[in-house]
Amino acid sequence: MPILSALGGVHHLRLTVTDLDRSRAFYTEVLGFGVAAESPGSPDDPAIRADREALYGGVVLANENLVLGLRPVADKADRFESERVGLDHLSFQLGSMARLREAQERLDATEVVHGTIRDLPAFGIAILSVDDPHGIHLELTAALE
């Protein structure tokens, strides 16, 4: 029997970033999150960067299904590495293949790094890969029709 057996969905995620403004713009303008809360202080202030109550100088974003925090405490030269221990990628579910195709068309009109839609029939889904400004790998996912 597992130690914890009644886990539900993911409550929230927090990503460590180097550039808060660039990340906020990506997650609000590209992925449609809204700002739910912001730090009252500057992420450049070491006291704020270490203060959980001040959101570590970051921002909390939300959409109808997910709360996503951005914590700007990484060294400015640091970059995401999916091959290291920790996060490999995040996958956001879209409601339909039509919405996934629309997302690809809209991304094609931007400079956002992204792939093409790939069907994964063994899993019953299609994915569209997208990289955030820090190179964090994201997927937009829809059930195959």
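Preceding block: the structure.
Each value, and the rule that gives it
- Residues numbered from 1 in each chain as written.
- Predicted model: local features only at pLDDT ≥ 70, side-chain atom pairs only at ≥ 80, totals over all residues.
- Heavy atoms only, no water.
- Core = buried A, V, L, I, M, F, W, Y, C linked by side-chain atoms within 4.5 Å.
- Buried < 20%, exposed > 50% of the residue type's maximum accessible area, 1.4 Å probe, protein only.
- Helix = DSSP H or I, 4+ residues; strand = E, 2+ residues; numbered from the N terminus.
- Contact = heavy atoms within 4.5 Å.
- Pairing = 2+ DSSP bridges.
- Axes fitted to C-alpha atoms, helices over the stretch in contact; angles between N-to-C directions.

1. What to know about the nonpolar core
Part 1 of the reasoning: With 27 residues, the main nonpolar core has L15, Y27, L70, L100, L138 and L140 as its most contacted residues.
Part 2 of the reasoning: Going through the elements one at a time, α1 (20-30), β3 (59-62), β4 (67-71), β5 (90-93), α3 (97-108), β7 (125-131) and β8 (137-143) are the ones with two or more residues in this core.
Part 3 of the reasoning: Per element, the largest residue contribution to this core is four residues, and it comes from α3.
Part 4 of the reasoning: Here Y27 is in contact with L15, G32, F33, L61, L68, L70, D132 and L138, once residues within four sequence places are set aside.

2. Overview of the sheet that holds β3
Part 1 of the reasoning: Pairing is mixed in the open sheet, where four strands are placed in the order β1-β4-β3-β2. Where the open sheet ends on each side, the last strands, each with one partner, are β1 (12-16) and β2 (34-38). Looking at each pair of strands side by side, their axes are set apart by 25° on average, direction ignored.
Part 2 of the reasoning: The pairing of β3 with β4 spans four bridges and is antiparallel. Along β4, the bridge assignment pairs V59 with L70.
Part 3 of the reasoning: Sheet contacts for α1: β1, β2, β3 and β4; angle to β4, the most-contacted strand, approximately 160°.

Limitation: the analysis is restricted to geometry and does not speak to function.
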